[in-house]
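Reading the structure
Given next are the chains, with one letter for each unit.
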Number of protein chains: 2
Amino acid sequence: MSETRNRIISATNELFRVHGYHGTSLSEISKAAAATIGSIYHFFPGGKESLTVAVIKSTGAIYRELFEMIAAEAADPTAAFVDFFEGAAAVLTESDFLDPCPIGTIAREVASTNDVIRLAAREAFESWIDAAAHQLTSAGVRSEVAHDLAILFVATLEGSFIISRTQRSVEPMLAAGRRMAPLIDAAVEDGLRSRSD
Amino acid sequence: MSETRNRIISATNELFRVHGYHGTSLSEISKAAAATIGSIYHFFPGGKESLTVAVIKSTGAIYRELFEMIAAEAADPTAAFVDFFEGAAAVLTESDFLDPCPIGTIAREVASTNDVIRLAAREAFESWIDAAAHQLTSAGVRSEVAHDLAILFVATLEGSFIISRTQRSVEPMLAAGRRMAPLIDAAVEDGLRSRSD
DNA sequence: GTCTATAATTTGATAGAC
DNA sequence: GTCTATCAAATTATAGAC
């Protein structure tokens, strides 16, 4: 992997978190990555679109791994979800309320106009949903229920970024996580009960 | 209220739903609204920023009223929330998965760079949270719990728009609503029980 | 792989006639 | 209130030297 290529992806990721897709220009990326426009087109011949796909894949993989790490260390299945919300709240605070996830913003900006980027975002979200659902099925939750709850988890996480960022407060993020917890608990208990029938 | 002014707000609203804030230009707005750039600056001397604030206020009020209408007609408190998710799913289908809410996208695009727009978005979201919380407290839910659940409702709604639009499917939206329902039910039952103590 | 130069278009915004 | 003309700056993208 090229050093410059990584620098371009990383700088673009940061800029997307602040300004979104249409608000970020190639010249800003060039400056932030300390790479010329020519270099950007060398590594991403498809221009801004293919660079964006690379950013989405990178962030998608990183967050999936983060969830799995947190889940592995969590005391119980529900804790994994609550811990992830708390981690997200910490990221918000430390970054002075930058968007923790560039994918959500980009997805909304181009979902109706760019299928290549839309499908990259879809794949990232689905990998998170799969990871969260797997965490639940492992704890005995029926796969249909687990999948629905995993969707609810990712959707709530993304939506909480919006509310917390507009308020510049982590309270909405924490409230959402806190109130979702009993739902996960109930599903796990229900799964265990039906298993012991 | 001026006819032209309304046309500009309405056209901008539609364009924001497709392309977001930075992806929508004044020339596109001018064309879609059948009004010249000069007219736009006549009604919105603050330019794109103040036009955006007007769009957010307009959409914010419309959705708040919609929620209250649905809540008034709902069979029980929980039904209001589920009905709203189903209504949002219907909007997605009918519009071929245009963003039902321009505010969420814009908020994420400019939350870190434009305080005027950020605060307008915050006010819109808070009016929805208040409306949802009021629906719950009226049903006997303690106000702290009601507020948290109202946040969860709005966050989940916004997040579901992202997942459903990237998948071009209303299933995520419906799954989120469906799985959130028991949570509302439990809070209402809990509120009634503590009241009869 | 990196760089500069540049093409062609579009951006938000303003001025001033009508 | 509406219109045209126009500004300076920025946009994505390409060409071609090194």
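Refer to the structure above for everything that follows.
**Focus: the protein's contact with DNA strand C**
In the region of DNA strand C, 13 residues are neighbours, and Thr4 of chain A together with Ser25, Leu26, Ser27 and Tyr41 of chain B sit closest. Close to the protein, within 4 Å, the atoms of DNA strand C are drawn from sugar and phosphate at a rate of 70%. With respect to DNA strand C, the backbone of leucine 26 of chain B contributes an N or O atom lying 2.8 Å from a phosphate oxygen. Interatomic distance of 3.0 Å between a side-chain N/O atom of lysine 48 of chain B and a phosphate oxygen of DNA strand C. Elements with a minimum of two residues in the surface near DNA strand C: helix 3 (37-43) of chain A together with helix 2 (26-33) of chain B. Examining the composition of the surface near DNA strand C, we find that 4 residues originate from one element, helix 3 of chain A, more than from any other.

**Considerations on the relation of the copies chain A and chain B**
Relative to chain B, chain A is turned by 180° and slid 0.0 Å along the rotation axis, the superposed coordinates differing by an RMSD of 0.0 Å. In symmetry terms, the pair is related by a two-fold rotation axis. Of the interface residues in chain A, 100% have counterparts in chain B that sit at the interface too, so the contact is made through matching surfaces.

**Some points on the interface of chain A and chain B**
Listed by partner, the interface residues are 47 residues for chain A and 47 residues for chain B. Note on chain A versus chain B: buried area summed over both sides is about 4100 Å², and carbon and sulfur give 63% of it. One salt bridge connects arginine 108 of chain B with aspartate 99 of chain A, and the closest N-O pair in it is separated by 2.8 Å. Here chain A and chain B share 23 residue pairs in polar contact (both at pLDDT 80 or more) between them. Counting only elements with at least two residues in the side of chain A that touches chain B, the list comes to helix 1 (3-19), helix 6 (102-110), helix 7 (115-138), helix 8 (143-167) and helix 9 (171-195) of chain A. It is helix 8 of chain A that contributes the most residues to the side of chain A that touches chain B, 17 residues altogether. Taken together, the residues of the side of chain A that touches chain B sort by class into 23 nonpolar, 12 polar and 12 charged.

Calculation criteria
- Residues numbered from 1 in each chain as written.
- Chains lettered and ligands numbered in written order.
- Predicted model: local features only at pLDDT ≥ 70, side-chain atom pairs only at ≥ 80, totals over all residues.
- Heavy atoms only, no water.
- Near = heavy atom within 4 Å.
- Polar contact = N/O pair within 3.5 Å; in protein donor to acceptor, adjacent residues only side chain to side chain.
- Helix = DSSP H or I, 4+ residues; strand = E, 2+ residues; numbered from the N terminus.
- Least-squares fit on C-alpha atoms with pLDDT ≥ 70 in both.
- Contact = heavy atoms within 4.5 Å.
- Buried area = accessible area lost by both parts, 1.4 Å probe.
- Salt bridge = Lys/Arg side-chain N within 4 Å of Asp/Glu carboxyl O.
- Nonpolar A, V, L, I, M, F, W, Y, C, P; charged D, E, K, R; others polar.

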